[in-house]
Structure formats: C-alpha cells, structure tokens
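Observations on the model geometry
Single-letter residue listing:
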Amino acid sequence: MEREGKTLELQVRSRIQHYWAESIERTSVIYGHYLKEQEGDEVVISYFKSLSDIFYEIESGRDLSAQSKIDLDDLRERAQQIIYQSDVNRLFDSSVNEDIVQTLTSVQGASEALNNWIIVFDWKNGQFLTWDSVGRDAEEATKKYVDYERQFPADEDYEVVLIGSSDVATVRQTHSHYFGIQKFDSILESLDQSIVGFQTRMDIDVGSRQILALLVRKKYWGKKSTSVDTLRNHFVRGLITFDVSLQNLRAKGLINMPDAQAPISLNVKKKAEIEAYL
C-alpha cells in the first residue's frame, strides 16, 4: 500500500522462496552490491538466477538433469571467487551481533502479542545500524517508518525495514543477514547443500525452532538444563504447539529429556544438526 508518497511492500513467500531470498540477501551484504537490483558482476547475478530456476523446478516436483547441476556448480565456484576478491565491506571477519539480539529480546519481554520493529541497515559498511520497537498500532508504526526513511534515505545506501512479529527469534530467522554473518567457510552453498538446507528447515515446525533458539541462546547444553515448567511458562510462554513441538524435538534426539517431566537440555552430539535447523 502507499502512504504519503511511500510504498510499503508485503512479501508472501513459500519456504523455498524465502531460503533463496535469504541466500541472495546474505550474499549481497558480504559482496557489497544489491544483487536483487542487478548490481554486481554478471557471473554472480547469473548464479542466483540459475539457482532460482532450479529451485522452481524442485518445488514443481521435476527432476534436475545432471548437466544443470554441473553448470550451476561451475557458476557457483566462479561467483564465489569474485565475491572473495571484492570484500567491499571487509566482512570476512564478521560475526553475529548477539548484543543486539539480546537487547531486542529484553525489550520484547514476556509479551505474546504482535509487535512492530524498525530495523535500519547500512549498506555502505554492511552492518546493522539501529533499531526501534514501535508498538502494536499499525498506523503509528507506519508513521514512524516514514520518519525513519526520511532520516536514513535509500539513496545514501540505507535500508529501513518494518517487521511485525510476536517473537524476536522469528525476526532473527527471517532477517538473519541484518544481524551479522556467522561464518565464511563457504559464501555460496553447493546445490546439494542448499537442498539439504531448505529441507532441513522444513523438517521441524516453527514452535520447535523457537524452543531450540531459546535453549541455544541461554546455552542449555549437556548438563546445564531447565525444567519443562520454566520453559513452558516463562521462556516460550504462549507457544500453542508447545507439547507437540517438544515431543518432536525429543523424537529427533535434539534434546536430552528421558521422560515427559525430566529437565531439558540440548544434545551436544547433535550440535551441528541443531545449528542447521536454526
């Protein structure tokens, strides 16, 4: 919709579409070019176009040819080399800004209601600039969004995003690249890694991911545990799917929980798998 000459964009994506969008946005931060706007080397842009086409084929239930996989991997290797050599934003030693995540979480408190957040990202330096909690009222949130766009104009390489969510953990999942890049072992995933990645994220429900994210954030690994009641009534209060989600995590062996009332902790042996889900 439009307000005071400003256009607000509402995006509806399938999970596989969101996975692709997160990949290109994360890469744009590292690369220092707006890849969605066709900025950057033609090889890098071609890689994401080809990846999008292949994801469409997969989502449509069609088999991929061996040659299409080979061609995509060739593009990926060439694109990755170009990105490594650019390093415009000097991000290769970056890390996730956990302080911002913790601050957002503390502001959110125990509220179960939808809250609106404004995030400002600085594309010149490839970093999270500032944020604001703008309450539940849509009209007021929109006014503040327009104010922030005036303060941080797009033509000066700022991006202002208005997000509605009842949980900061969800914001971190849907807009992860704004909070920093976790690691750079491989900027672009191979096709097989991508397929495993989005299938993994589809393998558990949102509630299960919310519980995992909370346990990871509070470092409940191995012998350090929390009770079912504390988890249910304080940490993820209001999670409607709590029992089903917890059972799902137990069934997959991601948490240590011998019986329904036992203390809960993350399974250290499944650390890599847990991180993949998040």
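Look up: the structure comes first, before these words.
To keep things clear, this report deals only with the structure shown in the data block. (Residues numbered from 1 in each chain as written. Predicted model: local features only at pLDDT ≥ 70, side-chain atom pairs only at ≥ 80, totals over all residues. Heavy atoms only, no water.)

Summing up its helical and strand segments, the chain has eleven helices and seven strands in all. Within the chain, the fraction of its 278 residues that count as buried is 40%. For the chain, the share of sequence-separated contacts (at least 6 apart) that also reach a separation of at least 24 residues comes to 66%. For the chain, the accessible area works out to roughly 15,300 Å², and carbon and sulfur atoms hold 47% of it. (Helix = DSSP H or I, 4+ residues; strand = E, 2+ residues; numbered from the N terminus. Buried < 20%, exposed > 50% of the residue type's maximum accessible area, 1.4 Å probe, protein only. Contact = heavy atoms within 4.5 Å. Areas by Shrake-Rupley, 256 points an atom, 1.4 Å probe, with all protein chains shown as cover.)

The buried fraction of strand E3 (residues 115-122) is high, at eight of eight residues. Here E3 shows no split at all, with Asn-115, Trp-117, Ile-119 and Phe-121 on one side and Asn-116, Ile-118, Val-120 and Asp-122 on the other all buried. Where E3 lies against strand E4 (residues 127-133), six bridges are found, and the strand directions are antiparallel. Looking at E4, one finds that Ile-118 is bridged to Asp-132. (Pairing = 2+ DSSP bridges.)

For helix H2 (residues 42-59), built from 18 residues, the straight-helix expectation of 26 Å at 1.5 Å per residue is met to within 8% by its first-to-last C-alpha distance of 26 Å. Those residues of H2 that sit buried are Val-43, Val-44, Ile-45, Tyr-47, Phe-48, Leu-51, Ile-54 and Phe-55. Between the side-chain oxygen at the start of H2 and the backbone nitrogen of Val-43 there is a gap of 2.8 Å, and the oxygen is on Asp-41. (Expected span 1.5 Å × (residues − 1). Polar contact = N/O pair within 3.5 Å; in protein donor to acceptor, adjacent residues only side chain to side chain.)

Here we come to the packing of helix H9 (residues 228-235) against helix H10 (residues 242-251). If you want to describe how two helices pack, look at the angle between their axes and the distance between the axes. For the pair H9 and H10, interaxial distance at closest approach is 12 Å and the crossing angle is 130 degrees. Taken together, H9 and H10 sit at an angle that is classed as oblique. Considering how the two elements wind past one another, H9 and H10 form a crossing that is right-handed. Side by side, H9 and H10 meet where Val-228, Leu-231 and Arg-232 of the first sit next to Phe-242, Asp-243 and Leu-246 of the second. Of the residues belonging to the contact of H9 with H10, the class tally is four nonpolar, no polar and two charged. (Axes fitted to C-alpha atoms, helices over the stretch in contact; angles between N-to-C directions. Parallel < 35°, antiparallel > 145°, perpendicular 65-115°, else oblique. Left-handed = near helix turned anticlockwise from the far one by under 90°. Nonpolar A, V, L, I, M, F, W, Y, C, P; charged D, E, K, R; others polar.)

Glancing now at the side chain of Ser-28. In this fold, Ser-28 is placed in helix H1 (residues 15-31). Residue classification places Ser-28 among the buried positions, given a relative accessible area of 4%. Side-chain polar atoms of Ser-28 contact the backbone oxygen of Ile-24, separated by 2.8 Å. One polar contact links the side chain of Ser-28 to the main-chain carbonyl oxygen of His-33, over a distance of 3.3 Å. Discounting residues that sit within four places of it in the chain, Ser-28 has contacts with His-33, Tyr-34, Leu-35 and Trp-123.

The next subject is the sheet that holds E3. Judged by pairing direction, the sheet is antiparallel, and its three strands sit side by side in the order E4-E3-E5 without closing on themselves. The sheet is open, and its two edges are formed by E4 and strand E5 (158-165), each paired on a single side. Averaged over all adjacent pairs, the angle separating strand axes in this sheet is 20 degrees, with direction ignored.

Now for the packing of aromatic side chains. All told, the structure shown has six aromatic pairs when counted by the stated rule. Centre to centre, the rings of Trp-20 and Phe-48 are 6.4 Å apart; their planes meet at 80 degrees, and the pair counts as edge-to-face. Taken as a pair, Trp-20 in helix H1 and Phe-48 in helix H2 lie far apart in primary sequence, 28 residues in all. Classification of Phe-48 by relative accessible area gives buried; the value is 1%. Judged by centre distance (6.2 Å) and plane angle (15 degrees), the rings of Tyr-148 and Phe-152 are stacked. For the pair Tyr-148 and Phe-152, a shared accessibility class is recorded, and that class is buried. Here the aromatic residues Trp-20, Tyr-47 and Phe-48 are joined through ring pairs into a cluster of three or more. (Phe/Tyr/Trp six-rings, centres within 6.5 Å; stacked < 30°, edge-to-face > 60°.)

Our focus in this paragraph is helix H5 (residues 138-151). Taking 1.5 Å as the rise per residue, H5 with 14 residues should run 20 Å; its terminal C-alpha atoms sit 20 Å apart, in good agreement. Along H5, the residues classified as buried are Ala-141, Thr-142, Tyr-145, Val-146 and Tyr-148. Down the axis of H5, the buried side of the element spans an arc of 160 degrees, and every buried residue falls inside it. Pointing more than 90 degrees away from the buried face of H5 are the exposed residues Arg-150 and Gln-151. In this structure Asp-137 caps H5, since a side-chain oxygen of it lies 3.2 Å from the backbone nitrogen of Glu-139. (Arc of directions from axis to C-beta.)

Honestly, that's just the spatial picture; any functional story needs more than this.
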